[in-house]
Amino acid sequence: MRFRIQIRPWLIAGALGAPLHGWSAEDFEGRTYVFGDIHQHTGASGDGGSSDLGVCTGECGALAEIGLRARAFGLDFLATTDHVNDDVSASVADFNKVLRRLKLEHDPEGGFVTIPGAELYMVERGTVHQFGHKTLLLFGEEEEGRVLNINQLRPYMDGGSAMTDCASIWSWMDSLQADVGPALLLAHHPAPTYPMSTDWDCHSETYAPVAEVYSEHGNSMGLGDGYDDPRSDIVEEGTIMSALGTYGLQLGFVAGSDNHDTKPGNTCRLDTQRDNQLYGGGLTIAVLREGEVMSRSTLFDAFVDRRVYASTGPMIPATVEVLSGDLSLGQMGELVAVPEQVDVTVEVRIPESMVPYVNEVWVHTAEERTLASTSQDGVWHQTWSSSAMPSWAFVEFVVDGQLWWAGFECDDGGEEWDERVWMSPNWFEVVSDYDDDGWTVAAGDCDDTNSAIGPDAQEDCELEGDENCNGLADGEDEDCAGDSGGGVLVDDTGLGGEPAVVLDEAKGPRARCSGHTGAAFIGCLTILGQGILRRRKIRK
């Protein structure tokens, strides 16, 4: 296990009001965890403000310092998402200023990635039907000679929000991706009536593998626990629980601030530009594979694979693994194939140094909410039999906000000090022939996790177990009748090109290899010592 913490510069962090325990790019369990805000507005938005762009009515940060501020608060990546197709849309000139700043701040080699983006408002033309607010994120690297502009990010050149129908949204995304490279269009604040809820019937697994579950608008999970509920009414059909359950969608979880005063990274404060918002917003945590280097490309892959999760602020690295005994079946965000008639465990791990911050760990399914058990510091688990497997499950951490923000003035709204972390779900599918050996449990496979075990397998008389699934121990199995003087074993490896020789199992290795000479004799001893000599039974 490796766990690395980088402390951000005290002077910079202190000057910008950042907590002095800011973290960045942590390694845990062979993976790298990076932290970002995927939903940040600047003064380019008509309802946003920067001290050096647009009209600031609050206490705004400067566009020129947006990267510095994000890094000071421990962010590794940042997306700006100014409005582009409604009555508070950015102008072409102001949007270009933001794009130029992102290009200057983009520094993958230095550990900081910027993601150009936009916020879109989408309704159905000629009706009152609303598709929802969407966050557009662009992960393509800028090629020489290619200039990104605001009109490319508008479905219609006039900047309107009315779409012909649902299909026209995704056909537009096809065209956009062909033009600018990998792109995603995610639902954000999908549950509240204001500004609008999300229509999950209009969904694309290709362009929306994850959804923004938390922002300054509040919590869209729909867990019914009252935690940071939006200030407007909740549309149950728009909640994440409804998307997973009623609509059967496979959605990962992300979060963003959605604040409008150009101050990314600090979730422990309220938006000063739009002072009617109740909460401080959230962050997205992305998990890079071992050996991966952070870039727009690797972040895009993490989003598509649902190797991301949502936080209301705490930067806690965590793993979710699905196990059957010692067999790993899958990781967070995956559709997991489950063998028949086995117990399956979801195991959650965090660094031991983070354990004091965590009050509770819950596992949610469509049917119930269960407090996870713990067997050691930093490890929690929940087990089901395959016959009782839920169709999906996700993990929620309840974090002690007072302890997490100790020594730092925090006003992130809400009535509780608790913070939350929501891990992306797993989906489960019980399969009838998991090991793909042609035998199901119903047909007699006594271990469907091992293709070397089944009704037509050869019994290995030197190993404990029942490889041929006939219910007999080795001493009772007729396949092993020759092991007590009833048979001999033949070395059919043909070492050194010499003829295969008969080996007497009652003799030691030197006697068993006596049919070989020279290098072949040494090779025989080596193979026997490694326990990989291939043998076949000879009947008397």
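A brief report on the enclosed structure follows. Because the structure is predicted, anything quoted here is derived from the model rather than measured.

We now examine the sheet that holds strand β11 (residues 218-219). As summarised here, the arrangement of the three strands in space is β11-β10-β12, forming an open sheet in which the pairing is mixed. Among the strands making up the open sheet, the edge pair consists of β11 and β12 (252-255). Pairing of strand β10 (residues 210-215) with β12 involves four bridges; the strand directions are parallel. The partner of E212 across the bridge, within β12, is V254.

Tallied over the full model, the rule gives 12 salt bridges. R289 serves as the salt-bridge partner of E292, at 3.3 Å between the closest nitrogen and oxygen. The shortest N-O distance in the salt bridge between E292 and R307 comes to 4.0 Å. Of the two residues, E292 is situated in the loop between β13 (283-288) and α6 (296-304) and R307 in the loop between α6 and β14 (308-311); the sequence distance between them amounts to 15 residues. Ionic contacts of the salt-bridge type, sharing partners, join the residues R289, E292, D305 and R307 into one network.

Let us now look at the packing of aromatic side chains. Tallied over the full model, the rule gives 13 aromatic pairs. Plain terms: the ring middles of Y214 and Y279 are 6.4 Å apart, the flat faces sit at 45° to each other, and that makes the pair tilted. Here Y214, found in strand β10, pairs with Y279, found in the loop between β12 and β13; they are 65 residues apart in sequence, far enough to count as distant. Grouping residues by exposure puts Y214 and Y279 together as buried. Centre to centre, the rings of Y357 and W404 are 4.8 Å apart; their planes meet at 70°, and the pair counts as edge-to-face. Of this pair, Y357 sits in the loop between β18 (343-349) and β19 (358-364) while W404 is found in helix α7 (residues 401-404), placing the two residues 47 residues apart along the sequence. W404 shares its class with Y357; the two are buried. Put simply, the rings of Y214, Y227, Y279 and W422 touch in pairs and so form one group of aromatic residues. If you follow R369 out to its NZ or CZ, it ends over the ring of W362, 3.6 Å from the centre. Looking at R420, its charged tip hangs above the ring of Y227, at a distance of 4.1 Å from the centre.

Definitions and limits used
Residues numbered from 1 in each chain as written. Predicted model: local features only at pLDDT ≥ 70, side-chain atom pairs only at ≥ 80, totals over all residues. Heavy atoms only, no water. Pairing = 2+ DSSP bridges. Helix = DSSP H or I, 4+ residues; strand = E, 2+ residues; numbered from the N terminus. Salt bridge = Lys/Arg side-chain N within 4 Å of Asp/Glu carboxyl O. Phe/Tyr/Trp six-rings, centres within 6.5 Å; stacked < 30°, edge-to-face > 60°. Buried < 20%, exposed > 50% of the residue type's maximum accessible area, 1.4 Å probe, protein only. Lys NZ or Arg CZ within 6 Å of the ring centre and 35° of its normal.

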